[in-house]
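Structural overview for review
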Amino acid sequence: NADLLLAVDHAVKGVPSEGIIPCRTLSNAEGFCRYFVHPVAQENCLTGLLILFVDITEQLKAQKIREEFSANVSHELKTPLTSISGFAEMLSQGMVKNQKEVAEFSGMIYKEAQRLLHLIDDIIRLSCIEEGKNQAEEAADLYVLAKQAVEHLTPLAKQENIDISLSGGPSPIVGNITQLYELVFNLCENAVKYNVPHGKVQIETLPLENSSVRLTVSDTGIGIPKEHQERIFERFYRVDKSRSKQTGGTGLGLSIVKHIAEQHHGSISLSSAPGRGTTITVLFSGRRQQ
Ligand code: ADP
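One structure accompanies this document, and this report is about it. For every chain, the first residue of the written sequence is number 1, and numbering continues from 1 onward in sequence order. Where local features are concerned, this predicted model is filtered to residues with pLDDT of at least 70; where side-chain atom pairs are given and counted, the filter is 80 or more; whole-chain, interface and lining totals use all residues. Heavy atoms throughout the structure, all of them, feed into the side-chain values; hydrogens and water do not.

Moving on, we get to unusual backbone geometry. In this structure, Glu 43 takes a positive phi of about 50 degrees despite not being glycine. With respect to the helices and strands, the residue Glu 43 is situated in the loop between strand S2 (30-42) and strand S3 (45-55). Unlike most non-glycine residues, Asn 210 shows phi in positive territory, near 55 degrees. Every helix listed is a DSSP run of H or I at least four residues long, and every strand listed is a run of E at least two residues long, numbered separately from the N terminus. Among the secondary structure elements, Asn 210 is positioned in the loop between strand S7 (200-207) and strand S8 (213-219).

What counts as a ring pair is set by centres within 6.5 Å for rings of Phe, Tyr and Trp (its six-membered ring), and what kind of pair is set by the plane angle: stacked under 30 degrees, edge-to-face over 60, tilted for all other angles. Following the criterion strictly, the structure yields three aromatic pairs and no others. Between Phe 87 and Phe 105 the ring centres are 5.3 Å apart and the planes differ by 75 degrees, which places this aromatic pair in the edge-to-face class. With Phe 87 in helix H2 (residues 57-92) and Phe 105 in helix H3 (residues 99-131), this pair connects stretches of sequence that are 18 residues apart. Buried residues are those whose accessible area, probed at 1.4 Å on protein chains only, stays under 20% of the maximum for their type, while exposed residues exceed 50% and partly exposed ones sit between those limits. Residue Phe 87 is classed as buried on the basis of its relative accessible area of 19%. Lysine NZ or arginine CZ positioned within 6 Å of the ring centre and within 35 degrees of the ring normal marks a charge as sitting over the ring. Arg 235 extends its terminal NZ or CZ atom over the ring of Phe 69, reaching a point 4.4 Å from the ring centre.

With that out of the way, let us pick up empty space enclosed by the protein. Grid spacing is 1 Å over the protein atoms alone, the probe is 1.4 Å, and a cavity is where that probe fits but cannot get out, while a pocket is an open set with protein on both sides within 12 Å along at least five of seven lines and lining residues have an atom within 4 Å of a point. Grid points are joined across faces, edges and corners, and a volume is the space filled by probe spheres set on the points. In total, this model carries one cavity of 30 Å³ or more according to the counting rule given. By volume, the largest cavity amounts to about 70 Å³. Lining the largest cavity are Glu 76, Pro 80, Arg 115, Leu 116, Leu 119, Arg 238, Lys 245, Gly 249 and Thr 250. Contributing elements (two or more residues each) for the lining of the largest cavity: H2 and H3.

Here we come to the site of the ligand. Inspection of the region around the ligand gives 20 residues, with Tyr 194, Ser 244, Thr 250, Gly 251 and Leu 254 positioned closest. Contact distances for the ligand include 2.8 Å between an oxygen atom and a backbone N or O atom of Thr 250. A 1.4 Å probe and the Shrake-Rupley method give the accessible areas. Residues count as covered only by the protein chains that appear here. Here the ligand, which alone exposes 540 Å², has 97% of that area covered by the protein. When contributions to the shell around the ligand are tallied by element, the ones reaching two or more residues are helix H5 (177-193) and helix H8 (253-263). Here the residues of the shell around the ligand are counted per class, giving eight nonpolar, eight polar and four charged. It suffices for a single heavy atom of a residue to lie within 4 Å of a molecule or strand for the residue to be listed as near it. Polar contacts, as used here, are pairs of N or O atoms within 3.5 Å; protein pairs need one atom able to donate a hydrogen and one able to accept it. Residues neighboring in sequence count only if both atoms are side-chain atoms. Amino acid classes used here: Ala, Val, Leu, Ile, Met, Phe, Trp, Tyr, Cys and Pro are nonpolar; Asp, Glu, Lys and Arg are charged; the rest, including Gly, are polar.

Leu 183, Val 184, Leu 187, Ile 203 and Leu 215 are the most contacted members of the largest nonpolar core, which has 44 residues in total. Those elements that provide at least two residues to this core are H2, H3, helix H4 (142-159), H5, S7, S8, H8 and strand S10 (277-284). Here this core takes eight residues from H5, the largest share from any one element. What makes two residues a contact is simply this: any of their non-hydrogen atoms within 4.5 Å. If sequence neighbours within four positions are ignored, Leu 183 has contacts with Leu 215, Val 257, Ile 260, Ala 261, Val 282 and Phe 284. For our purposes a nonpolar core is just a set of buried Ala, Val, Leu, Ile, Met, Phe, Trp, Tyr and Cys residues, chained together by side-chain atoms within 4.5 Å. Within the second largest apolar cluster, seven residues are counted, among which are Leu 4, Ala 11, Tyr 35 and Val 37.

Structural data, given as structure tokens:
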């Protein structure tokens, strides 16, 4: 590497330097490392060079995610605020004359404000989960949590004649009840939201061997094209932005699910086909209450 050779040349002349170069990581993946090249001298005579390499691949990745997140947050917050401010300005300047339009505009302000609140809630929740706050663990039952989620989602499902069923049985697990409920609810809500009229949602919770517990949420909805499947767990990533917004989505639901699963030693797998539906499985290893 030309930069590194130059740094060595400088160090031989007594000038230390550092920089970043592309490299292969210990696991042989493409990455980046920071190098430090220092002359080692004894009685003003150069006796050697000290060259230190530090793998900073993960650090750079985390920094990129943080930067992208900040840019996305600003954009996502600005969009509803721009609408709110525009509608409010029209109302305040008397540009909306009849009562019907006043009601319509106020309704839009209310809807956008709700979206903003929902978004801020999700952002705060995501950062709390990441920081490991409110992490008290207790005995829970995934089946009971799934049952509660079904009860909450039944009115939404009824609007589109979607049938929700729950099978399996008591699935004791140790974890944070609020977070586990959120994980179950988000997956079930998506299965309803991204479904088709008269579609089906099947939820199953099962205790398995090795103290593991499995949650499966399947739907007969619109499905997810292959090229989007890996990315839907990223913050703010949506396959169809307009559909997500129409259903009040923030694009953070699956990112929250992923973080909660990680905190509970859970692994997520997804299988989906456009027009056929989606199945998401979360396997919690070794989390069963004894
Ligand atoms: P959102 O708030 O947009 O629902 P999520 O993070 O929960 O955000 O999901 C990200 C995207 O993944 C959604 O916008 C949608 O495009 C896609 N998605 C999630 N669950 C499903 C599903 N069950 N069926 C089809 N698409 C889904």
